[in-house]
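Read off the chains here:
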Amino acid sequence: MGWAGYLLKRVAFAAVSIFAIVTFDFFLFRLMPGNPIQILYRSPALSPAQITSLKSQFGLNLPLYQQYLLFIRNSFTGNFGISINYLQPVSQVLFPAILNSLVLLIPANILAILLGVFAGRYAAWKRGGAADGIITGSSMALFSIPTFWLGGILILVAIFTGTLPVSGMYTLGAAYPSPLARFSDLLSHLILPLITLTLVLFGQYAVIMRNSLIDVLSEDYIIFARSKGARDAYVMRKHAMPNASLPMISIIAVNLGNTFAGAILTEVVFSWPGIGYLIYESILARDYPVLQAAFLIVAIAIVAANVCADLLYSLIDPRVRYS
Amino acid sequence: MKNTVVLAVLFSAIIVASSSVVTVATVSGQQVAGSSATASSNSTVTVGWFGTSINTLNPYTTYSALGRWIGSNIYLPLVYYDAANRTVTPALASSWSINFANHTALFTINPKAVWSDGVPVTAQDVVYSYKLASQNYSVLEQYVSPVSSMVALNPHTVEVTMTSVLWTTWAAYVAVVPYHVWDKVNASTYPAYNTTGSQYFVGDGPYVLSKYVVNQYTEIQKNPRAFLAGHMPGVSNVIFQFFNSESSAISSLQAGSIQGLTGILPSDVSLFQNNSKFTVTTSPGLEYFYLAINVNPQGNGNPTLRNLTVRQAMAHAINLTYIAKTVYHGNAQVLDSVLTPTNQYYDGNLTPAYNYSVAYANKLLTQAGFQMTSSGYRENASNTSQKLSYTVLVPSGDTLEVEAANMIAQNLSAVGIKLTVTAETTGTMVATIWPHYSQDMDLWDWFDYTQNSPYRLLGMFLPNQIAAGNSDSGFVNSTYQQVWNKLENATSLSQVTNLSDQLQQILHQQLPYIPLFIPSAITVYSSQIGNVSAYPGGPFGGYDYLTFTQMHYSTAGSKPSSSSNTTYYVVGGVIAVVVFVAAAGVLVSRRRRNN
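Residues numbered from 1 in each chain as written. Chains lettered and ligands numbered in written order. Predicted model: local features only at pLDDT ≥ 70, side-chain atom pairs only at ≥ 80, totals over all residues. Heavy atoms only, no water.

(A) Focus on the pairing of strand 9 (residues 217-222) of chain B. Residues and elements named next belong to chain B. Most of strand 9 is tucked away, with five of its six residues classed as buried. Sheet analysis places strand 8 (residues 207-213) next to strand 9, joined by six bridges and oriented antiparallel. Within strand 9, the position partnered with leucine 209 by the bridge is isoleucine 220. As consecutive antiparallel partners, strand 8 and strand 9 are separated by three residues, and within that stretch asparagine 215 has a phi angle of approximately 65°, a positive value. Relative to strand 10 (residues 237-243), strand 9 runs antiparallel, the two being bridged by five bridges. Its bridge partner lying in strand 10, isoleucine 220 is registered against valine 238. (Buried < 20%, exposed > 50% of the residue type's maximum accessible area, 1.4 Å probe, protein only. Helix = DSSP H or I, 4+ residues; strand = E, 2+ residues; numbered from the N terminus. Pairing = 2+ DSSP bridges.)

So this is what it looks like as structure tokens:
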């Protein structure tokens, strides 16, 4: 199979996956007990006629298959409907939240990958030493620590020292003399959630990098390279790292998609108004249109990241294409 | 090594570039609706809000307390009802006359009344607003149902014909909106009534909307054309910041990001006591907790709960005083009616008194034929399949409710009633209760925010509230319905009081609900805020329309600022790190090359 054929196959498989996920999600949300009108509008002031009217305004009175067909048809045109909770087009609610999430997720992922790769590499190189113990131990600890606990500790420190804001993206009510001041304000609000998310992600990258590299360093070709007199740095860079990076590509690709959903706890702890926070609120309110659109975006992100990983794999290791 | 260094520099550049691109896009692309007025920082008060945030600022479609509260600062009703003093005071109407015999009312609009855009408020605005409030989509429809007609006699006078004498219910709760602005909105489509519409930026209250950012905050600023004496803005800007939990709101209060918060848990009060930076106050609460018992004749719960004696025994077996003292640290009052004590129509003389008595509860159950078994629980001696074993649903999000339910289970256990506490999401509770009434009991809450009316909460025990998904007890009682019908056609306020008392008495005796307790609204606010009222529900609880007109705020040392040294250090630090990494990379690269 040639490159184009392989690419086509992966993209087709991705499209089918997204369609299946979206269909599954559509029915899954409706299987959740309770309907949004009864949850949101629980009030003795509402008559049965009003409840019926509210349901029909959001199409909740239609048979399930009709709701599904409408959702699929509208999704293709980018129309995600009206949020039941916010009474606004879903796109107006969702896209600002995605943008806010990206502000947090992009630097957190890059920092975690960089720190994880370098720490893992160093630990593998110093295997059995004090550095290895410290890096591996701290990585395992960070990987295991609940996000809300880590976030809570950082919040306590911030309150105690009175240095950094603990919630939101901006200082509300502040007058910004310049765009730089606004940018600075955003950065100061970003620090705590960024540290939390980076540390949470860092642990697994460091551990996987270390273990993968240790496996590779025991391979015959590494011993052969050393016996030829090649310098350690050269062996590491030319022979060990490229081969040890393959599992990292998988885990990074999967994580890039997952962090969209995985950032929920960080966003909730720091009241960061991203997609995680929005999903959390929408689940409580059973806001089907927002949930459907949000999970469609998350599904696309995860599947696209996996396709990218597959393609990268096939570039790095040509055997994958033909297997 | 050279490649590694280059890679490091490249990654650093990517971090900065990607963060900058996205953050700059966010900085410039925030969804900020409305005017571009910059927040005045010298008297801006930021209030925290957790729980249900805003769905819309449309006073006719919002279901959230916060939406109603913000709306009450933007749009005036015809009159105000002061729940603290139980008085009716002028708002948009400067005077009124009520003819109870003819069921008519005349309202004269304040001649000084003007919208924030300079257009005078007229009778046409009032008629138009009541028309909107009476639409099927309106959450105020039942409030305005007693208004059979409303006519603008002239630009300043409105004549109302009504079916009920209880006129303050609608006159105090229906906001009047500007016809000349709202009429331009396409009212035929529901989405037109969202919160980003320009129609929300014109009001006649002490404040007007200035910003709304979904899921983040809402800001109101003082209306330069506010006209109502005694209700002028106390601070220039008010920001309502949304939090998803009490703990994150408390963190922000401690950090100084917000200046006020109502709804503090009793266990968290100690965080602020003996701290001169904060003031802690308690106000009468509006949220009360109850134990709803499934008495629906067609319900699928345990049938023994339809036995009145069993319900009476339960009422006697629960030690409410102890639970209130333990769970709420003494910050809760035991309740005996479905109306709160601050409600104008609350009846404090209901009989019989369900005093805590394990012995009497045991006696009642034995008399009803439920004998104690070897398992320690009771069952019907003549029908052993009828066991006093129940499940109570509790919202899992409220830890105090769960704790209270567990203590009730302990109390009931002492009289041979087994109660299993099941904490569920409200969605699961709703699905269990309606439409099949598959639950035995639920411990839940209501907010009694229509303090001048018995209709809202007493109306919940009507059969039509079963289909609406509001009546969790499924109570059906013909006598109750008959008294209710009389209440709707009452010809005097004293008759309303009398009939409301009768309805409360029926509920008290039939026990579809065992009212539990009403926690005080605990508020913590910055000591720089002064003149904060003790209105029922708390100053920042979402019910006090006077909060921001009465308060004053000393801004010394509290000015919200984005340009603190910390933030500049942060930016400087990031830039320094990038420069350092780049420089180190170049140096190492050169050294390697030279080697």
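That shown, we press on.
(B) Focus on the sheet that holds strand 5 (residues 104-109) of chain B. Residues and elements named next belong to chain B. Strand order in this open sheet of four strands is 4-5-7-6, and the pairing throughout is antiparallel. The sheet is open, and its two borders are formed by strand 4 (93-99) and strand 6 (147-154), each paired with just one other strand. Averaged over all pairs of adjacent strands, the angle between strand axes in this sheet comes to 20°, irrespective of strand direction. Across six bridges, the pairing between strand 6 and strand 7 (residues 157-162) is antiparallel. Bridge assignment links valine 147 to a residue of strand 7, and that residue is methionine 162. (Axes fitted to C-alpha atoms, helices over the stretch in contact; angles between N-to-C directions.)

(C) Molecular detail of helix 9 (residues 320-327) of chain B. All names here are of chain B. Of the positions making up helix 9, those classed as buried are Leu320, Ile323, Ala324 and Val327. All buried residues of helix 9 lie within an arc of 100° about the axis, which places them on one face of the element. Those residues of helix 9 that are exposed and angled more than 90 degrees off the buried face are Thr321 and Lys325. Residues of helix 9 that are buried sit in contact with strand 14 (332-334), helix 11 (399-413) and strand 21 (513-519). Taken from the residues just after helix 9, histidine 329 is the one with a positive phi, measuring 55°. (Arc of directions from axis to C-beta. Contact = heavy atoms within 4.5 Å.)

(D) A look at helix 4 (residues 64-76) of chain A. All names here are of chain A. Here helix 4 spans 19 Å end to end across 13 residues, near enough to the 18 Å set by a 1.5 Å rise per residue. Along helix 4, the residues that are buried comprise Gln67, Tyr68, Phe71, Ile72 and Ser75. Angular distribution of buried residues about the axis of helix 4 spans 130°; they occupy a single face of the element. Of the residues in helix 4, the exposed ones pointing more than 90 degrees away from the buried face are Tyr65, Leu69, Arg73 and Phe76. After helix 4 finishes, the residue glycine 78 shows a positive phi value of roughly 80°. (Expected span 1.5 Å × (residues − 1).)

(E) Just the packing of helix 9 of chain B against helix 11 of chain B, in detail. Residues and elements named next belong to chain B. Interaxial distance between helix 9 and helix 11 falls to 10 Å at its minimum, and their mutual angle equals 145°. Once helix 9 is placed against helix 11, the crossing between them reads as right-handed. Listed contacts from helix 11 to Tyr322, Ile323, Thr326 and Val327 of helix 9 are Leu400, Glu403, Ala404, Met407, Ile408 and Asn411. Taken together, the residues of the contact of helix 9 with helix 11 break down into seven nonpolar, two polar and one charged. (Left-handed = near helix turned anticlockwise from the far one by under 90°. Nonpolar A, V, L, I, M, F, W, Y, C, P; charged D, E, K, R; others polar.)

(F) Molecular detail of unusual backbone geometry. That bond from Thr351(B) to Pro352(B) is cis: its omega, -5°, falls within 30 degrees of zero. The linkage connecting Trp434(B) with the following residue, Pro435(B), adopts the cis geometry, with an omega of 0°. In this fold, Pro435(B) is placed in the loop between helix 12 (426-433) and strand 20 (441-447). Here Ser271(A), not a glycine, exhibits a phi torsion of approximately 50°, which is positive. Here Ser271(A) is to be found in the loop between helix 11 (264-269) and helix 12 (275-285). Non-glycine residue Arg86(B) carries a positive phi angle of around 55°. You can see Arg86(B) is positioned in the loop between strand 2 (79-82) and strand 3 (87-90). For Arg86(B), a relative accessible area of 40% gives the class partly exposed.

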